[in-house]
Amino acid sequence: MLKSNILFIMTGSIACYKACGILSKLKQNGHQIKVVMSPSSLQFIGRATIEGLIGEAPVTDMYASGQNMDHIHLNRWADLVIVAPATANYINKIAYGLGDDLLTTLFLSHDFKKPFLIAPAMNTMMYLHPTTQASLQKLKEMKIEILETASGVLACGEVGYGRLLEPELIVQEIETRLLDHETTRTFNSEKMPTAKNIKVLITSGGTTEPIDDVRVITNSSTGQSAAKIADTLMESGIEVTYLHAENAKRPSHIGKRKSFKSFLDLQATLNEELRADHYDWIIHMAAVSDYSVIPTDGKISSTKEEITLKLKRNPKLIDQIKTLSPKSHLVGFKLTSTIDQKTIDEKVKSLFKTSHCDFVVQNDWNDIKNHRHQYVFYAQNEAPLALTSTDELSSALFQRIILKESL
Ligand SMILES: Cc1cc2nc3c(=O)[nH]c(=O)nc-3n(C[C@H](O)[C@H](O)[C@H](O)COP(=O)(O)O)c2cc1C
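Residues numbered from 1 in each chain as written. Predicted model: local features only at pLDDT ≥ 70, side-chain atom pairs only at ≥ 80, totals over all residues.

J.: I would appreciate a short explanation of the overall build of the protein chain in the present structure.
T.: Scanning the protein chain from terminus to terminus reveals 14 helices and 19 strands. Over its C-alpha atoms the protein chain spans a radius of gyration of 24 Å, differing by no more than 12% from the 22 Å that the globule rule assigns to 407 residues. C-alpha atoms of the protein chain, sized along the principal axes, occupy 75 × 65 × 40 Å. Among the 407 residues that make up the protein chain, the fraction classed as buried is 36%. Taking contacts inside the protein chain between residues at least 6 apart in sequence as the whole, the part at least 24 apart equals 70%. (Helix = DSSP H or I, 4+ residues; strand = E, 2+ residues; numbered from the N terminus. Rg over C-alpha atoms; globule rule 2.2 N^0.38 Å. Buried ≥ 20, exposed ≤ 12 C-beta atoms within 10 Å, placed from the backbone. Contact = placed C-beta atoms within 7 Å.)

In structure tokens, the structure reads:
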């Protein structure tokens, strides 16, 4: 990973303690870090903690002697700026152009050629407040990257949106942006050959089906293979839109991304995306729940000896794709759990016949369980192709795409 200069801004949220985890990981990864803290954030984390983590004291005052020009110098020094955690107060202030302290002035003097990321952290009502939502929208229009928030139990005891994304995901987001920024610069300077004008949509990760307001049923899909395939395609200049479960692995390269939670969520996002845009290829890898729970309002009591959940069968999303986007090439994935070749053949055949897939990739749970990433690639009227790693699968898909698109 590229070693970069990261300007890390912290504002006054209870999630400041989580930001320490991010700083520690970035430092371990070899980045240079400078931290700017709002006076409120110092109520949550002391200067000594930051100095201990990054080996340098945080900057907190615009008028401190010898640091008067930091609001300009820090931006020049940085390859990337991240605000984590970002309070509602800070988000609303910068969206409206205030510059009454070092943190807001740094935003006003930001060089828009560099990435500026915001990781919000706040109570759900603050997050969903129309002022905060309008500010986030305004910042997005300025091409500021707003990271998603996680949902779950908040410090105030409420359950909902607004929780700071987990530290490892924020580190991943930062390093992805740095890599992409560097790649863009390299592409621009060296005019590398690209497979431009090919658009691919990839779905990734597992859906989560709510049982009640706080519990879910999900599956073990990680999105690792989808992220790898997305990276291989993007490295060659293919435009990838990545629809991913909230916890799924993200590709290292930046493309368009949208997250989903439940079956209904993914169905709506897929519908919206396929109606709005034409994709040359759709690689449908998400592990979609076959059943959804008829959810209970509130939280099911934890004192009952037994509870019964009622599950309702979901329609097959893959069967809807060709109706929505008849001109796209569709790659379907079939996870089997058998060694009986006849059963496998039937399942693969059904994806060609019922779902109108152009290609099918089959893998088996028994291999995954034993940490083997083996796949069989099927094209109609061709002999199946055995692949022994996700790298091989990525290359096979890339070659197919290039071959078809250059015909
Ligand atoms: C215990 C406690 C926790 C807080 N957590 C948050 C938070 O997570 N998000 C937020 O937007 N504000 C939070 N606040 C309110 C901010 O600290 C307050 O709006 C402050 O003015 C923010 O200043 P700053 O944006 O300059 O750092 C919290 C306040 C307290 C007392």
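Having seen the structure, we can now continue with the description.
J.: Please explain the pairing of strand β18 (residues 375-379) as it appears in this structure.
T.: Working note: regular strand, side chains alternate between the two faces of the sheet. Where strand β17 (residues 359-364) lies against β18, four bridges are found, and the strand directions are antiparallel. Of the residues in β18, the one forming a bridge with Gln362 is Val376. Strand direction decides the pairing type here: β18 and strand β19 (residues 385-387), joined by three bridges, are antiparallel. When the bridges of β19 are listed, Val376 appears paired with Ala386. (Pairing = 2+ DSSP bridges.)

J.: Would you explain the site of the ligand in this entry?
T.: Lining the immediate environment of the ligand, one finds 15 residues, of which Thr11, Gly12, Ser13, Ser38 and Thr87 sit closest. The element best represented in the shell around the ligand is helix α4 (residues 88-95), accounting for three residues. For the shell around the ligand, a count of residues per class yields seven nonpolar, eight polar and no charged. (Near = placed C-beta within 6 Å. Nonpolar A, V, L, I, M, F, W, Y, C, P; charged D, E, K, R; others polar.)

J.: Explain the sheet that holds strand β5 (residues 145-146) here, please?
T.: Strands in a sheet are paired, the pairing made by backbone hydrogen bonds, and the direction either parallel or antiparallel. Strand order in the open sheet formed by five strands is β2-β1-β3-β4-β5, and the pairing between neighbours is parallel. The outermost strands of the open sheet, each flanked by one partner alone, are β2 (32-37) and β5. Summarising the sheet, strand β1 (residues 5-10) and strand β3 (residues 80-86) pair through four bridges and their orientation is parallel. In the strand pairing of β3, Ile9 is matched with Val83.

J.: Looking at this model, I keep getting lost on the nonpolar core. Mind explaining?
T.: Grouped burial of nonpolar side chains is what soluble globular proteins tend to show. Membership of the largest hydrophobic core comes to 53 residues, with the highest contact counts inside it found for Ile9, Val36, Ile82, Ala84 and Ala119. Per element, the largest residue contribution to this core is six residues, and it comes from β3. Aside from chain neighbours lying at most four places away, what touches Val36 is Leu7, Ile9, Pro58, Val59, Leu74, Leu102, Leu103 and Leu106. Formed by 45 residues, the second largest nonpolar core is a distinct cluster that contains Leu201, Ala226, Ile318 and Val360. (Core = buried A, V, L, I, M, F, W, Y, C linked by C-beta atoms within 7 Å.)

J.: Explain the domain arrangement of the protein chain here, please?
T.: How big an interface is tends to be reported as the loss of accessible area on association of its parts. Along its sequence, the protein chain is organised into domain 1 (5-182) and domain 2 (193-405). Distance from the C-alpha centre of domain 1 to the C-alpha centre of domain 2: 33 Å. Contacts between the two partners involve seven residues from domain 1, matched on the other side by seven residues from domain 2. At five residues, the largest contribution of residues to the side of domain 1 that touches domain 2 is made by helix α8 (residues 167-190). Broken down by class, the residue content of the side of domain 1 that touches domain 2 amounts to two nonpolar, two polar and three charged. (Domains from an automatic or database assignment.)

J.: Even after reading the chapter, I still don't get the packing of α4 against helix α7 (residues 130-141), so can you show me in this structure?
T.: Axis angle and axis distance: for two packed helices, these are the angle between their axes and the distance between the axes, and together they describe the pair. Packing of α4 against α7 brings their axes to within 9 Å, and their N-to-C directions diverge by 55°. By the angle between their axes, α4 is oblique relative to α7. As for how α4 packs across α7, the hand of that crossing is left-handed. Only Thr131, Thr132, Ser135, Leu136, Lys138 and Leu139 of α7 make contact with α4, whose side of the interface consists of Ala88, Ile91, Asn92 and Ala95. Taken together, the residues that form the contact of α4 with α7 break down as five nonpolar, four polar and one charged. (Axes fitted to C-alpha atoms, helices over the stretch in contact; angles between N-to-C directions. Parallel < 35°, antiparallel > 145°, perpendicular 65-115°, else oblique. Left-handed = near helix turned anticlockwise from the far one by under 90°.)

J.: Help me understand helix α10 (residues 263-276) in this model?
T.: One turn of the α-helix equals 3.6 residues, which is why residues spaced by three or four share an orientation. Its 14 residues place the ends of α10 20 Å apart at the C-alpha level, agreeing with the 20 Å of an ideal helix rising 1.5 Å per residue. Among the structural elements, β8 (199-204), β9 (209-210), β11 (239-245), β12 (256-260) and β14 (291-293) are those in contact with the buried residues of α10. (Expected span 1.5 Å × (residues − 1).)

J.: What exactly am I supposed to notice about unusual backbone geometry here?
T.: Excluding glycine, residues mostly carry a negative phi; peptide bonds, for their part, are mostly trans. Cis peptide bonds are those with omega within 30 degrees of zero, and the linkage from Ala84 to Pro85 qualifies with -5°. Tracing the sequence through the fold places Pro85 in strand β3. Unusually for a residue other than glycine, Lys143 sits at a positive phi of about 70°. With respect to the helices and strands, the residue Lys143 is situated in the loop between α7 and β5. By the C-beta count within 10 Å, which is 9 here, Lys143 ends up exposed. Positioned with a positive phi, Asn381 is a non-glycine residue whose angle comes to about 60°. Within the secondary structure, Asn381 sits in the loop between β18 and β19.

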